[in-house]
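So you can see what is in the structure, the chains are spelled out below.
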Amino acid sequence: PQPPAVNKSKHTAQKTLIPQDEWFELIANREFESEREVEYYFVIPLLEKLGYIEDDLAVGFPVQMYEGVKRVNKEADFVLFNGRSRAKEDALLVVEAKKANRILTDDASGQARAYAMWLSTPYYLVTNGEEVRVYLFRGAIQTDVMLLAFKRAEFRQHWSQLYRTLCRDCVIEYKQRLSKVMAGM
């Protein structure tokens, strides 16, 4: 069966905070030579513009997973939490970064999805600095939904939708509502 719908109308009507033109120009014109540069010069500034603060950010977050019966330790590039807590119930967003010249494949999305599944985040984002893909995680038994996919050159055109989906307050509210629905409230 389909999960109950979760209404996001409050934040859809909320005013979108749009960065200054200089920020979009800087993002559009920057060259990335490594995954680390994508993380430092693209992902972190993006997360700041989406309203996340330093206390929310876990860089290189350890994720314990299972491959068959074997427990393995992996590391998510970024996991965003609601504050300093690193508890699963406070996990909001997984971000997987790749090198700028690496094409985003289903493997990259699958890696981020696996982290989202083990951490119970409602969203995950995959980027190589040239392309951004945002997914709604729908659980282990339903297909996830790609909400956004765009090139860095189209960043300004997609900002409002990206902000209304992934801004800190929007994700916190969505996760709270989703938790209530899952608890049968």
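Residues numbered from 1 in each chain as written. Predicted model: local features only at pLDDT ≥ 70, side-chain atom pairs only at ≥ 80, totals over all residues. Heavy atoms only, no water.

Before going further, it helps to examine the nonpolar core. A general tendency of soluble globular proteins is for nonpolar side chains to be buried together. Of all hydrophobic cores here, the largest spans 35 residues; its most connected members are L93, F155, W159, L162 and L166. The contacts of W159, once residues within four sequence positions are left out, are T16, L17, I18, P19, W23, F24, L46, K49 and L50. Core analysis: the second largest hydrophobic core is formed by 21 residues, A58, F61, M65 and Y115 among them. (Core = buried A, V, L, I, M, F, W, Y, C linked by side-chain atoms within 4.5 Å. Buried < 20%, exposed > 50% of the residue type's maximum accessible area, 1.4 Å probe, protein only. Contact = heavy atoms within 4.5 Å.)

Looking now at the state of the cysteines. Inspection of every chain in the model, using the stated rule, returns 1 disulfide. Linked covalently through their sulfurs, C167 and C170 form a disulfide whose S-S length is 2.5 Å. Torsion about the S-S bond of the C167 and C170 cystine: about 80°, corresponding to right-handed handedness. Taking the relative accessible area as the measure of exposure, C167 reaches 1% and is therefore buried. (Disulfide = S-S within 2.5 Å.)

In this section: the pattern of salt bridges. With the rule as written, the count across this model stands at 11 salt bridges. One salt bridge in this structure joins R156 and D21, with 2.5 Å as the shortest N-O distance. Within this pair, whereas R156 is found in helix α5 (residues 155-166), its partner D21 is found in helix α2 (residues 21-29), the two being separated by 135 residues in sequence. Judged by relative accessible area, R156 falls into the partly exposed class, the value being 39%. Residue classification places D21 among the partly exposed positions, given a relative accessible area of 43%. A salt bridge links D55 to R84, with the shortest nitrogen-to-oxygen separation between them at 3.2 Å. Of the two residues, D55 sits in the loop between α3 (35-49) and β1 (57-67) while R84 sits in the loop between β2 (70-81) and β3 (91-97), which places them 29 residues apart along the sequence. Of the residues examined, D55 reaches a relative accessible area of 31% and is grouped as partly exposed. A network of salt bridges, in which partner residues are shared, links E131, R133 and K151. (Salt bridge = Lys/Arg side-chain N within 4 Å of Asp/Glu carboxyl O. Helix = DSSP H or I, 4+ residues; strand = E, 2+ residues; numbered from the N terminus.)

Any two aromatic rings considered together are summarised by their centre-to-centre distance and by the angle between their planes. Counting across every chain of the model gives 15 aromatic pairs. Judged by centre distance (6.0 Å) and plane angle (70°), the rings of F32 and F42 are edge-to-face. Here F42 lies in helix α3 and F32 lies in the loop between α2 and α3, a separation of 10 residues in the sequence. Pairing W159 with Y163 gives two aromatic rings, centres 6.0 Å apart and planes at 40°, and the pair type is tilted. Here the residue W159 and the residue Y163 both occupy positions in helix α5, the gap between them amounting to 4 residues, near one helical turn. In this pair, the class of W159 matches that of Y163, namely buried. (Phe/Tyr/Trp six-rings, centres within 6.5 Å; stacked < 30°, edge-to-face > 60°.)

It is worth stressing that arrangement in space is one thing and function is another; only the former is reported here.
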